[in-house]
Amino acid sequence: MTPATRRDLLRTGGLAAAGVGATALVGCSAPEKKTTGPAEVAAADVPVGSGKILEGTNYVVTQPTKGSFCAFVRACPHAGCDVSKVVESEIICTCHDSRFSISDGSRLSGPATAGLGKATAKASGDKVSITA
Ligand code: FES
């Protein structure tokens, strides 16, 4: 058996690195298909004092007080994950646990250094329309 050359070691390391990358890709879930245009939600589906993630869209809509609706862009300013939960009065990015206010999207805690981008929420009848 001949000793491994530097080239052999680099090739082996490269293949191992490619294997790790392939494994990581297999572990990723498919990206969510989202609409970037306007969205609409039933006002009754947005809890008072909390909010709702509009799955399949770029938006989270909140109702800090009865009949007052706000909307924000889901992209977290920390590293771009979508915020994915609203718990009571906090919008949460579960990637690294940044938390944002349902009232104005401002940062409450976590590694994000800015708040969520604002969108426009307009209530009409029993619907709320959201636009960028
Ligand atoms: S991407 Fe949201 S906290 Fe890091």
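Just so you know, these numbers come straight off a predicted model, no measurement behind them. (Residues numbered from 1 in each chain as written. Predicted model: local features only at pLDDT ≥ 70, side-chain atom pairs only at ≥ 80, totals over all residues. Heavy atoms only, no water.)

Novice: Would you mind going over the sheet that holds strand β8 (residues 107–109) in detail, with residue names and values included?
Specialist: The strand order across the open sheet built from four strands is β5-β6-β7-β8, with neighbouring strands paired in antiparallel fashion. The open sheet has two free edges, formed respectively by β5 (85–87) and β8, since each of these has just one partner strand. The sheet shows a mean angle of 35° between the axes of neighbouring strands, taken without regard to direction. Pairing between β5 and strand β6 (residues 90–93): three bridges, direction antiparallel. In the strand pairing of β6, Val-86 is matched with Ile-91. (Pairing = 2+ DSSP bridges. Helix = DSSP H or I, 4+ residues; strand = E, 2+ residues; numbered from the N terminus. Axes fitted to C-alpha atoms, helices over the stretch in contact; angles between N-to-C directions.)

Novice: Quick one: what's the story with the sheet that holds strand β3 (residues 59–65), residue by residue and with numbers?
Specialist: Sheets are built from strands that pair by backbone hydrogen bonding, the pairs being arranged parallel or antiparallel. The strand order across the open sheet built from six strands is β1-β10-β9-β4-β3-β2, with neighbouring strands paired in antiparallel fashion. The open sheet has two free edges, formed respectively by β1 (39–42) and β2 (50–53), since each of these has just one partner strand. When the angles between neighbouring strand axes are averaged without regard to direction, this sheet yields 25°. Inspection of the sheet shows β3 paired to strand β4 (residues 68–73) by five bridges, in the antiparallel sense. Bridging across to β4, Thr-65 finds its partner in Ser-68.

Novice: Describe the nonpolar core, and please don't skip the residues or the numbers.
Specialist: The biggest cluster of nonpolar side chains holds 13 residues, and the ones touching the most others in it are Val-60, Phe-72, Val-83, Val-86, Ile-91, Phe-100 and Leu-116. At the level of secondary structure, the elements contributing two or more residues to this core comprise β4 and β6. Val-41, Ala-43, Phe-69 and Ala-119 belong to the second largest nonpolar core, which has twelve residues in total. (Core = buried A, V, L, I, M, F, W, Y, C linked by side-chain atoms within 4.5 Å. Buried < 20%, exposed > 50% of the residue type's maximum accessible area, 1.4 Å probe, protein only.)

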